[in-house]
Amino acid sequence: MRKKAIRILNFSTKQPNFSIEEKSSGFIYLGILYSKTKEFNLASDCYHQGLELMMHENFNYHDNFKKAIETFIKSEDFERANFWLNNLIQRQSYDKKFKKLAELEKKVK
């Protein structure tokens, strides 16, 4: 079932008629699926692509961002973990819930 979902999401992230938000969401959910199959490097790449698409946009906090940072750590991708953790924590200027991610700072350093 997960393999089929991964195929569908991979296809959907390449569709030109989907919005940036839809593509970003697709990459985030791909990251979740790859994490569940213990493919942390692939998950890390998907989370990164999803976040990168929305880098210059404001968006609301979601618990999946914590999963993304934890996946960067599991895949030993500390550069991405630091970059995205700092980027997301700064977003508390418009959504205080991003402050929840500060607890991960000690795991990244």
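Shown above is the structure to which this text applies.
Residues numbered from 1 in each chain as written. Predicted model: local features only at pLDDT ≥ 70, side-chain atom pairs only at ≥ 80, totals over all residues. Heavy atoms only, no water.

Re the packing of aromatic side chains
So, point 1. Scanning all chains against the criterion turns up eight aromatic pairs.
So, point 2. Ring geometry for Phe83 against Trp84: centres 4.8 Å apart, planes inclined by 85°, an arrangement best described as edge-to-face.
So, point 3. By relative accessible area, Phe83 is classed as partly exposed at 40%.
So, point 4. Aromatic rings pair up to connect Phe59, Tyr61, Phe65, Tyr94 and Phe98 into one cluster. (Phe/Tyr/Trp six-rings, centres within 6.5 Å; stacked < 30°, edge-to-face > 60°. Buried < 20%, exposed > 50% of the residue type's maximum accessible area, 1.4 Å probe, protein only.)

Some remarks on the packing of helix H4 (residues 64-74) against helix H5 (residues 78-90)
So, point 1. Remark: H4 packs on H5, axes separated minimally by 7 Å, with the N-to-C direction vectors making an angle of 155°. With respect to H5, the axis of H4 lies roughly antiparallel. Here H4 runs over H5; the crossing is left-handed. For the pair formed by H4 and H5, the contact residues are Phe65, Ile69, Phe72 and Ile73 on the first element and Phe78, Arg80, Ala81, Trp84, Leu85 and Leu88 on the second. (Axes fitted to C-alpha atoms, helices over the stretch in contact; angles between N-to-C directions. Helix = DSSP H or I, 4+ residues; strand = E, 2+ residues; numbered from the N terminus. Parallel < 35°, antiparallel > 145°, perpendicular 65-115°, else oblique. Left-handed = near helix turned anticlockwise from the far one by under 90°. Contact = heavy atoms within 4.5 Å.)

Focus on the nonpolar core
So, point 1. Grouped together as the largest cluster of nonpolar side chains are 29 residues, with contacts concentrated most on Phe65, Ile69, Phe72, Leu88 and Leu101.
So, point 2. Elements with a contribution of two residues or more to this core: helix H1 (2-12), helix H2 (20-36), helix H3 (40-53), H4 and H5.
So, point 3. Non-local contacts of Leu88, meaning those with residues more than four positions away in its chain, are made with Leu51, Phe59, Phe65, Ile69, Phe98 and Leu101. (Core = buried A, V, L, I, M, F, W, Y, C linked by side-chain atoms within 4.5 Å.)

Side note on the pattern of salt bridges
So, point 1. Counted by the stated rule, this structure contains three salt bridges.
So, point 2. One continuous salt-bridge network, built from bridges that share partners, spans Asp45, Asp77 and Arg80. (Salt bridge = Lys/Arg side-chain N within 4 Å of Asp/Glu carboxyl O.)

A look at the side chain of His48
So, point 1. The topology assignment puts His48 in helix H3.
So, point 2. We classify His48 as buried; its relative accessible area is 16%.
So, point 3. Sequence-distant contacts of His48, defined by excluding residues within four places in its chain, comprise Phe72, Arg80 and Trp84.

Quick look at H4
So, point 1. Those residues of H4 that sit buried are Asn64, Phe65, Ala68, Ile69, Thr71, Phe72 and Ile73.
So, point 2. Residues of H4 that are buried make contact with H2, H3, H5 and helix H6 (105-108).
So, point 3. Phi turns positive, to about 60°, at Glu76, one or two residues after H4.

Just distances and angles here, no functional claims.
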